[in-house]
Amino acid sequence: MEKILLSADEVKKLSEKEALDKFSSSEGGLTSYDANSRVEVYGRNEIEEKKANPLLKFLGSFWGPIPWMIEIAAILSAVIHHWEDFFIIVALLLLNAIVGFWQEHKADNAIELLKQKLALKAKVLRDGKWIEVAADELVPGDVVRVRFGEILPADVKLFKGDYLETDESALTGESLPVKKEIGEVAYSGSVVKKGEMDALVVATGMNTFFGKTAKLVESAQTQSHFQKAVIKIGDYLIVLAVALVAVIFVVALFRDESWLNTLQFALVLTVAAIPVALPAVLSVTLAVGATALAKKEAIVSKLVAIEEMAGMDILCSDKTGTITKNELTLAEVEAFGNYSKDDVLLYATLASRAEDKDPIDDAIITGSKSVNAVGDYTEVEFHPFDPVSKRTESTVKGNDGNLIRVTKGAPQVILDLSSEKGAIDDKVNSHVDNFAGRGYRALGVAMAGSDGCWHFVGLIPLYDPPREDSAETISLANSMGVEVKMVTGDHSAIAKEIAGQVGLKTHILSAQYLIDKSDSEVSRIVENADGFAQVFPEHKYKIVDLLQKLGHFVGMTGDGVNDAPALKKADAGIAVDGATDAAKSAADIVLTRPGLSVIIDAIKESRKIFQRMNSYAIYRIAETIRVLLFIVLSILVFNFYPVTAIMIVLLALFNDAPIMSIAYDNVRYSNEPEKWSMRVVLGAGTFLGIIGVIVTFSLFYIGDRVLHLDHAILQTFMFLKLAVAGHLTIFMTRTRGPFWSIMPSAALFWSAVVTKILATLLAVYGWYVTPIGWKLAGLVWGYAILELIVTDFLKVRLYRILDHEGVIFNKHLKHKVLSSEAI
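Residue positions are given per chain, counted from 1 along the sequence in the order it is written. In keeping with the model being predicted, local features are shown solely for residues with a pLDDT of at least 70 and side-chain atom pairs are shown and tallied solely at 80 or more, while totals for entire chains, interfaces and linings include all residues. Heavy atoms from the whole structure form the basis of all side-chain values; hydrogens and water molecules are not counted.

Visitor: Describe a negative patch on the surface, and please don't skip the residues or the numbers.
Guide: Taken together, the side chains of Asp162, Glu181, Glu184 and Glu381 present a region of like negative charge at the surface. By the element assignment, glutamate 184 lies in the loop between β5 (178-181) and β6 (185-186). Exposure is judged per residue with a 1.4 Å probe applied to protein chains only, and the accessible area is read against the type maximum: over 50% gives exposed, under 20% gives buried, and values in between give partly exposed. The exposure class of glutamate 184 is partly exposed, given its relative accessible area of 31%. Two joining distances apply to patches: 9 Å for like charges and 5 Å for nonpolar side chains (Val, Leu, Ile, Met, Phe, Trp, Tyr), and every residue must have over 30% relative accessible area and no salt bridge. For accessible areas, the Shrake-Rupley method is used with a probe of radius 1.4 Å. Any residue's cover is judged against the shown protein chains and nothing else. Note on definitions: salt bridges are taken to be side-chain nitrogens of Lys or Arg within 4 Å of carboxyl oxygens of Asp or Glu. When charges are tallied, Lys and Arg are placed among the positive residues and Asp and Glu among the negative ones, while His and the ends of the chain are skipped. Charged groups are reduced to one reference atom each: NZ for lysine, CZ for arginine, CG for aspartic acid, CD for glutamic acid. Under the DSSP-based scheme used, a helix requires at least four consecutive residues in state H or I and a strand at least two consecutive residues in state E, with every element numbered from the N terminus.

Structure below.
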């Protein structure tokens with residue numbers, strides 16, 4: 001078929017019938033065969049991303065400050081004819097490039113998989129049936145239904161329904177919603193804020209308004225607290241390395257040593273000391289964590305959110321579908337006036353729409369199957385639920401040709417419409433309170449006949465039972481230092497009833513307590529309350545904001561388009577199962593399984609990731625101090641190079657290879673929220689590094705003064721000590737208790753063992769270095785293992801001191817905050 005490309009202005013000028021004819025479609029939509037054939041013509045409905053050429057990406061690994069240093073060191077090795085050094089340095093350069101490229105490739109693949117899981121869906125009319133398909137399968141000529149909370153999947157011409165209000169701020173910068181009526185064009189990427197309409201797809205992919213005008217730039221990556229801290233550590237180590245190496249270079253020049261040899265050694269030492277693996281370890285650890293979470297049905301849309309969840313100490317959880325099952329069932333219906341219970345169910349069903357798959361509508365339709373009169377009416381017009389009016393409304397025609405209007409929604413809203421309001425006000429409120437006290441949510445039902453007046457028909461109580469695992473999960477969350485606050489739009493009596501059933505405290509307040517009070521007064525109320533009821537989306541935002549100002553890391557769940565601001569504001573915005581597209585796009589984590597347990601899984605996984613990164617940071621600090629200080633002090637004090645340039649390169653090769661496997665290490669999640677403590681990390685890293693320097697010098701003394709080793713043999717002797725002890729350091733830093741308290745993962749253990757064996761064989765048989773034999777190698781191993789045991793014992797004592805001081809410091813800080821608030 002011919003490819004039809006029209007501008008938005010051209011589509012606007014066409015009538016609805018002309019548009020349908022132009023795209024060879026009808027109000028009944030396309031057939032599956034037509035849709036598939038049009039994919040060949042128009043392509044898939046997606047914005048094409050320019051993906052970097054893998055070869056150019058790999059070659060880019062050789063460009064940058066760190067690769068330049070390695071390349072200059074290789075060139076200098078060739079100039080001074082140190083060919084062994086040259087080949088080993090080139091090997092280091094290639095290894096860094098290959099490992100970095102491969103790990104980045106794995107991280108990119110993991111992120112791409114997550115994107116696919118978060119892909120938009122669209123409701124389309126195919127073969128005469130409404131079905132849900134992936135948005136990228138839409139083609140021009142498809143008939144789609146767009147409704148409140150959805151992101152428009154393509155440019156569409158509206159032809160059936162009342163109106164839409166869309167948020168086009170992402171496209172035009174206009175912050176106010178734009179009203180769209182029949183005949184108008186709504187654009188791909190805009191969010192439906194109100195209404196529901198059927199529409200004809202007129203443009204897809206790169207031919208949409210968004211595709212033509214959007215400049216595809218990489219989205220700025222927000223740095224989390226943890227990333228900023230790790231990068232600060234990296235900067236600190238770089239400055240330390242450059243300063244100490246500069247000292248070596250200056251001293252060597254004063255001693256009239258070869259400046260080319262010194263420069264080569266200085267460059268190699270700088271490269272070995274700088275945390276080259278830092279970006280790769282970060283990205284791989286996060287990607288591995290995101291993949292693990294995806295298996296537990298929590299899809300991460302922003303990788304840095306994994307780290308933020310590790311510090312979360314308050315979770316503001318929605319009730320429906322998270323604490324409860326979101327499986328609504330009807331209780332005993334209450335009829336008013338001359339209406340029967342069947343009348344209440346009949347009119348409520350007529351004010352519902354089965355194809356929208358709304359949980360409330362589904363429960364009512366299921367509960368009214370015995371009411372035969374439903375088939376006597378035909379829908380003429382339908383207004384879906386929106387959060388402003390808090391009701392649905394439908395106009396239907398009976399078999400007798402008469403039109404009636406029916407509505408269902410919040411009892412107070414329906415009561416306000418009714419002509420009998422004054423007479424039945426107390427009775428309605430009494431029933432609503434009675435239902436709420438039993439955990440039931442009530443809906444009001446009304447109808448308007450030929451007189452145009454609304455008449456209150458009755459109340460429908462709906463019960464949403466708690467999930468079987470909610471009580472246990474909430475108890476587990478509390479044991480992990482996470483306070484769960486229920487935040488719901490339901491009546492406070494319902495919230496208290498459900499809270500009592502799942503083990504939450506019942507000091508649940510109405511959102512009215514947040515109004516007309518100073519921030520300091522409201523802050524105390526929010527922090528001390530166990531939850532809030534009758535909450536609107538703007539209240540959610542305020543709750544998050546106030547808790548964050550008090551120093552809390554806040555998680556917030558949400559599902560509606562109006563929850564988006566609160567989800568963005570929260571440290572961890574969580575879109576629950578069944579959330580709207582708008583909520584998903586604003587959230588950091590999207591759940592594909594209902595319930596709180598998946599959130600707790602995400603917290604556990606995030607804390608494990610934090611532990612792995614914490615281990616790496618302490619290891620990197622300790623190793624840099626140990627190796628750098630030992631080499632620099634040996635040169636300054638003894639005028640002796642304890643290792644050669646080629647040995648430093650080999651050390652870097654042996655150390656960086658196993659450290660990548662830290663992303664897969666076995667760790668235990670903490671039972672308290674993880675907060676980044678530079679005091680602990682720098683203190684522990686520096687302590688371990690200095691002990692390492694002292695122990696290494698003691699072995700150097702034994703080799704030089706007791707065993708009287710030749711200088712070349714002594715260098716290999718010290719190289720093996722640095723290599724073996726370096727790998728043992730990672731086993732120390734990965735636990736706060738004794739190093740054997742948590743078994744390392746097979747990947748970390750065997751990668752460390754294999755590289756240690758390679759380093760030993762290299763030293764014993766003299767590959768690229770002077771051989772030392774098995775006896776000296778055995779001495780090094782025994783000394784390194786003894787160092788591990790002694791240092792680990794001291795490490796456990798150090799953590800006890802640091803933790804005790806931390807508790808005192810936190811108590812002092814909390815006292816200061818409370819005192820300032822009192823003032």
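Visitor: An account of the sheet that holds strand β20 (residues 554-558) is needed here, citing residue identities and associated values.
Guide: Pairing within the open sheet is mixed, and its eight strands lie in the order β8-β22-β21-β20-β9-β17-β19-β18. A strand with exactly one partner marks an edge of an open sheet, and here the two such strands are β8 (298-300) and β18 (508-510). The mean angle between the axes of side-by-side strands here comes to 20°, regardless of whether they run parallel or antiparallel. Lying on the sheet, helix α19 (residues 519-528) is in contact with β17 (483-487), β18 and β19 (531-533); it crosses β17 at an angle near 105°. Between any two strands, at least two bridges found by DSSP are needed for them to pair. The axes used here are C-alpha line fits, helices contributing only the stretch in contact, and every angle between their N-to-C directions lies in the interval 0 to 180 degrees. The contact definition used throughout considers only heavy atoms, calling two residues in contact when any of these lie within 4.5 Å.

Visitor: If you had to explain unusual backbone geometry to someone new, which residues and values would you point to?
Guide: Of note, serine 24 is a non-glycine position whose phi angle comes to about 50°, a positive value. Located in the positive-phi region is histidine 708, a residue other than glycine, with phi close to 50°. Structurally, the position occupied by histidine 708 is in the loop between α25 (678-706) and α26 (711-733). Note on histidine 708: relative accessible area 61%, which makes it exposed.

Visitor: Pulling in residues and values, what's your account of the nonpolar core?
Guide: The term nonpolar core refers to a set of buried residues drawn from Ala, Val, Leu, Ile, Met, Phe, Trp, Tyr and Cys, joined through side-chain atoms within 4.5 Å. Membership of the largest hydrophobic core comes to 129 residues, with the highest contact counts inside it found for Met309, Ile599 and Ile631. Ranked by residue count, the leading element in this core is helix α23 (residues 597-638), at 20 residues. Among all residues touching isoleucine 599, those that are not within four sequence positions of it are Met309, Leu315, Thr322, Thr557, Ile574 and Leu591. Val522, Leu547, Ala566 and Ala586 belong to the second largest nonpolar core, which has 30 residues in total.

Visitor: Could you give me a rundown of helix α17 (residues 470-479), with the residues and numbers involved?
Guide: Among the residues of α17, those classed as buried are Ser470, Thr473, Ile474 and Ala477. End-on, the buried residues of α17 take up no more than an arc of 100°, which puts them together on one face. On its buried side, α17 packs onto β17, α18 (492-502) and α23. Backbone geometry just after α17 places glycine 481 at a positive phi near 80°. The arc in question is formed by the directions pointing from the helix axis toward the C-beta atoms.

Visitor: Which residues make up the packing of α19 against helix α20 (residues 537-549), and what values go with them?
Guide: A packed helix pair is summarised by two numbers, namely the angle formed by the two axes and the spacing between the axes. α20 packs onto α19 with a crossing angle of 95° between their chain directions and a minimal axis gap of 9 Å. Relative to α20, the element α19 is oriented roughly perpendicular. Contacts between α19 and α20 pair Asp519, Val522, Ser523, Val526 and Glu527 from the former with Ile543, Leu546, Leu547 and Lys549 from the latter. Under this grouping Gly is polar, as are all residues other than the nonpolar Ala, Val, Leu, Ile, Met, Phe, Trp, Tyr, Cys and Pro and the charged Asp, Glu, Lys and Arg. For the contact of α19 with α20, the class distribution of residues is five nonpolar, one polar and three charged. Small angles under 35 degrees read as roughly parallel and large ones over 145 as roughly antiparallel, with 65 to 115 read as roughly perpendicular and the rest as oblique.

Visitor: An account of the environment of lysine 3 is needed here, citing residue identities and associated values.
Guide: Tracing the chain through its elements places lysine 3 in the segment before α1 (8-13). When the C-alpha positions of lysine 3 and valine 41 are compared, they lie 6.4 Å apart, and in sequence the two are 38 residues distant. Setting aside its immediate chain neighbours within four residues, lysine 3 contacts Val41, Tyr42 and Asn207.

Visitor: Any details on helix α16 (residues 421-437)? Residues and values, ideally.
Guide: Think of an α-helix as turning once every 3.6 residues; residues three or four places apart then point the same way. Compared with an ideal rise of 1.5 Å per residue, which puts 17 residues at 24 Å, α16 spans 23 Å between its outermost C-alpha atoms and is within 8% of the ideal. Within the span of α16, buried status applies to Ile424, Val428, His431, Val432, Phe435 and Ala436. Against β11 (334-335), α15 (411-417), β15 (440-448), β16 (454-463) and α18 lie the buried residues of α16. Residue glycine 439 follows α16 closely and has a positive phi angle near 85°. By definition here, a helix of n residues has an expected span of 1.5 Å times n minus one.

Visitor: An account of the pairing of β20 is requested, with residue identities and associated values reported.
Guide: Look at any regular strand and the pattern is simple: side chains alternate between the two faces of the sheet. In terms of residue burial, β20 counts as a mostly covered element, since five of its five residues are buried. Of the two faces of β20, the one holding Val554, Met556 and Gly558 and the one holding Gly555 and Thr557 are both buried throughout. Pairing geometry for strand β9 (residues 314-317) and β20, over three bridges, is parallel. The residue of β20 that forms the bridge with isoleucine 314 is valine 554. With four bridges connecting them, β20 and strand β21 (residues 572-575) associate as parallel partners. Within the sheet, the bridge partner assigned to threonine 557 lies in β21 and is isoleucine 574.

Visitor: With reference to specific residues and values, describe the environment of alanine 725.
Guide: Structurally, the position occupied by alanine 725 is in helix α26. Classification of alanine 725 by relative accessible area gives buried; the value is 4%. With 63 residues separating them in the primary sequence, alanine 725 and leucine 788 have C-alpha atoms 7.6 Å apart. Non-local contacts of alanine 725, meaning those with residues more than four positions away in its chain, are made with Arg626, Ala784 and Glu787.

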